[in-house]
Amino acid sequence: SNLKDGRSMLFFVIDHAIGDGVAMMQVMLSLLDDPPEGKKKVKTFQKKRRYTSAPLRLAHRIVNFLAGAVDGLVAVLVPPPSDPPNPFKMIPLEQSKGEPLGKSFVQTRAFCLDEMKTIKNKLAGATINDLVMALQAIAMRRYLEGMRDPTMDRFLCGKEKMHMEFLVNMRSKAGEKVTNLGNVFTMGLLAIPFNFSDPIDCVWKIKAKTDLLKNSPGFYIKKMVMDAIMPLVPLDVLAKKIVEEGIPSTFMISNVMGPTEECSLAGYTLSDLNFTALYSQGLYCGVLSYNQRLRISLVVDNLADGDGNELRDCLEAAYDNLKQAVFEAAPNVADVVEQPVPCVPLSAKILEFSCVAAVLSIPVLVARAWRGA
């Protein structure tokens, strides 16, 4: 209590082993006061999954499905290569040489969720998650270029990559009430596309990557394999590996949907709602929407050289740039910017050619067989 603006803060810490963000939101929902008379009490904040992806050719879908199945298995058995050193890549704990441990926390201003929905509706098929990931990519590029970091040149030319991890809710019925706690998610990995030409192009590049992930079985296979293997791995071995080698990716992002309207707790109105997590990476980005507002929280580890305040400013500037670009490209209410046609990989083209060749060879084989008879 006794904050500068007269408000009070309720702060609590919960071990992630008890439950993930979706489960914890359900716990919070059970603590909220009943809504005013005439309004129904919300049972869950989670919506049913609606995948709106660019149409993929059949061969592209087949290739992507098979690649996703392989990637889901390989991602568990073969650790991904580690990101190159960069301002937000945390050094392994054993290399800290006595540096003070700790985290720094910063937060963006509240973005209007209705405005974000207007922006994503003007980008055909885009989602709020696509916008949030694109903002991260735009902000990170702005930060590295502003700091004249040499890694940016290597990222732009494709010699090296920076990855973000993100949590994927694996509950089978996302539209129903969560009745149990625990962690029901798996981790996705996405290489940040820094080679975008403008903010809208960044959204399309992010969306192209997420569309492929949504249309592959990789997440499901990865979770099944992880559920089977993890109980067999001793905790001390896993902890030692993290301490000695660190986390391969640079940062993680988690997006949780909160109440869409203002709520109260024990008779007190909740003017704001935030969350974050302590994670063994250099940078953690927690995204939470509440009462038609969305904030991005940043937690930077002291073992990383990045400046959280500067990155926050870059995020806010990235949002303003994206908003301006979208409304300039689609100024009228009904205007929509269409997504570019996805590139067809060479493997899909080879599959199509093989199928066409096989079909065209059937009459020839039939004719030869008839002549032989």
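Please refer to the structure placed before this passage.
The notes below deal with the structure included here. (Residues numbered from 1 in each chain as written. Predicted model: local features only at pLDDT ≥ 70, side-chain atom pairs only at ≥ 80, totals over all residues. Heavy atoms only, no water.)

Some thoughts on the pattern of salt bridges
- Tallying each qualifying case throughout the model produces 11 salt bridges.
- We note a salt bridge from Asp301 to Lys103, for which the minimum N-O separation is 2.6 Å. Taken together, the residues Asp301 in strand S9 (residues 293-301) and Lys103 in strand S1 (residues 103-107) connect sequence positions 198 residues apart.
- Among the residues examined, Asp301 registers a relative accessible area of 8% and is labelled buried.
- Exposure remark for Lys103: the relative accessible area of 33% places this residue in the partly exposed category.
- Measuring nitrogen to oxygen at the nearest pair gives 2.8 Å for the salt bridge that ties Asp227 to Lys223. On the criterion of helical spacing, the pair formed by Asp227 and Lys223 is a turn pair, its members being four residues apart in helix H7 (residues 218-229).
- Residue classification places Asp227 among the partly exposed positions, given a relative accessible area of 46%.
- Classification of Lys223 as buried rests on a relative accessible area of 16%. (Salt bridge = Lys/Arg side-chain N within 4 Å of Asp/Glu carboxyl O. Helix = DSSP H or I, 4+ residues; strand = E, 2+ residues; numbered from the N terminus. Buried < 20%, exposed > 50% of the residue type's maximum accessible area, 1.4 Å probe, protein only.)

Structural notes on the packing of aromatic side chains
- Taken as a whole, this structure holds four aromatic pairs when the rule is applied.
- For the ring pair Phe111 and Tyr319, a centre distance of 4.5 Å and an interplane angle of 25° mean the geometry is stacked. With Phe111 in strand S2 (residues 111-112) and Tyr319 in helix H9 (residues 308-329), this pair connects stretches of sequence that are 208 residues apart. In this structure, Phe111 and Tyr319 share a single accessibility class: buried. (Phe/Tyr/Trp six-rings, centres within 6.5 Å; stacked < 30°, edge-to-face > 60°.)

A closer look at the nonpolar core
- Counting 57 residues, the largest nonpolar core has Leu123, Met140 and Leu283 as its most contacted members.
- Looking at this core element by element, the count peaks at 12 residues for helix H4 (residues 128-146).
- Listed in part, the 10 residues of the second largest apolar core include Met25, Met28, Val256 and Leu288. (Core = buried A, V, L, I, M, F, W, Y, C linked by side-chain atoms within 4.5 Å.)

Describing unusual backbone geometry
- For Ala266, which is not glycine, the phi torsion reads 55° and is therefore positive.
- Assignment of secondary structure puts Ala266 in the loop between strand S6 (264-265) and strand S7 (268-269).
- Phi is positive for Asn291, close to 50°, though the residue is something other than glycine.
- Here Asn291 lies in the loop between strand S8 (283-290) and S9.
- Judged by relative accessible area, Asn291 falls into the partly exposed class, the value being 24%.

What to know about the side chain of Lys89
- Mapping Lys89 onto the fold places it in the loop between helix H2 (58-77) and S1.
- Of the buried charged residues, Lys89 lacks a salt bridge, with Asp83 as the closest side chain of opposite charge at 6.5 Å.
- Among the polar contacts listed, one links the side chain of Lys89 to the side chain of Ser82, at a separation of 3.4 Å.
- Setting aside residues no more than four positions away along its own chain, Lys89 makes contact with Ser82, Asp83, Pro84, Ile247, Pro248, Ser249, Thr250, Leu303 and Ala304. (Lys, Arg positive; Asp, Glu negative; His and termini not counted. Polar contact = N/O pair within 3.5 Å; in protein donor to acceptor, adjacent residues only side chain to side chain. Contact = heavy atoms within 4.5 Å.)

Overview of empty space enclosed by the protein
- Summed over all chains, the structure comprises one cavity of 30 Å³ or more.
- Along the walls of the largest cavity sit Ala110, Asp272, Leu273, Leu288, Ser289, Tyr290, Arg293 and Arg295, which together make up its complete lining.
- For the lining of the largest cavity, the secondary-structure elements that each account for two or more residues are S8 and S9.
- Looking at the lining of the largest cavity, the element that brings in the most residues is S8, giving three residues.
- Residues that form the lining of the largest cavity fall into these classes: four nonpolar, one polar and three charged. (1 Å grid on protein atoms, 1.4 Å probe; cavity = no way out; pocket = protein on both sides within 12 Å on 5 of 7 lines; lining within 4 Å. Points joined across faces, edges and corners; volume = space filled by probe spheres on them. Nonpolar A, V, L, I, M, F, W, Y, C, P; charged D, E, K, R; others polar.)

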